[in-house]
Structures are given as C-alpha cells and as structure tokens.
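The primary structure of each chain is shown beneath.
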Amino acid sequence: MKKWLLGLLLGGVLGFFDGLTAPLSGGPDIIPELPGILIGSTIKGCIAGMLIGYFSQKVRSLALGLALGLAVGAALAFGVALLEYTQAGKILFWQIMLPGSAVGLIVGYVTQQYGRRLEETHPSNSTIREEKP
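Residues numbered from 1 in each chain as written. Predicted model: local features only at pLDDT ≥ 70, side-chain atom pairs only at ≥ 80, totals over all residues. Heavy atoms only, no water.

Q: Looking at this structure, I do not really get the overall build of the protein chain. What am I missing?
A: Secondary structure summary: the protein chain contains six helices and zero strands in total. By sequence separation, contacts in the protein chain at least 24 residues apart represent 71% of the contacts at least 6 residues apart. (Helix = DSSP H or I, 4+ residues; strand = E, 2+ residues; numbered from the N terminus. Contact = heavy atoms within 4.5 Å.)

Set out below in structure tokens:
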C-alpha cells in the first residue's frame, strides 16, 4: 500500500477515535454534538494522514516523519481549538490538541515504517531479470 494511502486510512480511523475522546474532556453536555465532532475529527485525521503519508513517500527519515506528524497534527488541532474558542467561547486547547498531536505522531511513525514508497510501486522502476538456464 502506498504511504499516502496508508496515512489517509490510518488518519481517518485514528481521527474517529480522537473524536470519541470528546465526551471525556467536554463532559456530558457535548454528547448532542458528538456526530459532528466525529465527522470533523475523521476528516481532520484524513487530511493529516494524507499530508504526512505524502511527505513519507518523499523523505525517508523517521525523525523528520515524527516531527512533521506532530506539527501537522498539532496545527490542524489548533485550528479546531481556535474555532471552538472563537465561536463558542470554550477554552479546550489542551483537550483538542493533545489527541490531535498524538494522531499525527502515530501516523508519522507508521507511514515512515510501513507502506511502500512511490518508487517501489511504480512499474517503470521495476527491472526485469532473465533467469539463466
């Protein structure tokens, strides 16, 4: 599986579980908003996963993959937390940014360690070897 696709799928799944953590930090009054939170968190995870996976296809460095994963996850989560603050006046930066950053770190690690690079999946890069009798 290509790294960007692995990042997209893993980011979506982990983003969904990230959204499931909302009632733990927001309390029971957040339950009616949970479907929207789950959809938004899944989309956020897909975007982060795709960006991180694409980077992992181009750069083969675990340290850079983890750093980018953390940065992308934190940046997208910060955007959501800032939106929550400006629209609802709720200060939930840590509650939103910690799980979002963790998703970015996990996706950064997995896409660097697993999946195939673009060069490995492209048919023009494969060599045909003839067996000698």
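This is not the end of the story, as more comes after the structure.
Q: Can you walk me through helix α1 (residues 3-20) in this structure?
A: For the α-helix, the turn length of 3.6 residues means that residues three or four positions removed from each other point alike. Between its first and last C-alpha, α1 extends 25 Å over 18 residues, near the 26 Å set by a 1.5 Å rise per residue. The complete set of buried residues in α1 reads K3, L6, G7, G11, G12, L14, G15, D18 and G19. Buried residues along α1 sit in contact with α2 (22-26), α3 (34-58) and α5 (93-113). (Expected span 1.5 Å × (residues − 1). Buried < 20%, exposed > 50% of the residue type's maximum accessible area, 1.4 Å probe, protein only.)

Q: Looking at this structure, I do not really get the pattern of salt bridges. What am I missing?
A: Oppositely charged side chains can form a pair if their charged atoms are brought close together. Counted by the stated rule, this structure contains one salt bridge. K44 is the partner of D18 in a salt bridge, and the nearest nitrogen-oxygen pair spans 3.3 Å. Linking D18 in helix α1 with K44 in helix α3, this pair joins segments that are 26 residues apart in sequence. With a relative accessible area of 10%, D18 lands in the buried category. The exposure class of K44 is buried, given its relative accessible area of 14%. (Salt bridge = Lys/Arg side-chain N within 4 Å of Asp/Glu carboxyl O.)

Q: Would you take a moment to explain the side chain of K3 for this structure?
A: Along the chain, K3 falls in helix α1. Exposure remark for K3: the relative accessible area of 4% places this residue in the buried category.

Q: Would you mind showing me how to read the nonpolar core here?
A: Inside soluble globular proteins, nonpolar side chains tend to come together where they are buried. With six residues, the main nonpolar core is built from L14, A48, I52, V72, V103 and V107. At the level of secondary structure, the elements contributing two or more residues to this core comprise α3 and α5. (Core = buried A, V, L, I, M, F, W, Y, C linked by side-chain atoms within 4.5 Å.)

Q: Explain the packing of aromatic side chains here, please?
A: One pair of aromatic rings is described through two measures. These are the centre distance and the angle between the planes. As enumerated under the stated definition, the model contains three aromatic pairs in all. Between F78 and F93 the ring centres are 5.8 Å apart and the planes differ by 35°, which places this aromatic pair in the tilted class. Taken together, the residues span a long stretch of sequence, with F78 in helix α4 (residues 62-88) and F93 in helix α5 at a distance of 15 residues. The class of F78 is partly exposed, set by a relative accessible area of 39%. Judged by relative accessible area, which is 21%, F93 ranks as partly exposed. (Phe/Tyr/Trp six-rings, centres within 6.5 Å; stacked < 30°, edge-to-face > 60°.)

Q: What exactly am I supposed to notice about the environment of A74 here?
A: Mapped onto the elements of the fold, A74 is located in helix α4. Sequence separation between A74 and A48 is 26 residues; the distance between their C-alpha atoms is 9.7 Å. Once you skip the residues sitting within four places of it in the chain, A74 turns out to touch M97 and S101.

Q: Can you walk me through the environment of I30 in this structure?
A: Here I30 lies in the loop between α2 and α3. On the basis of relative accessible area, I30 is assigned to the buried category, the value being 8%. For I30, the contacting residues outside a window of four places in its chain are A22, P23 and I37.

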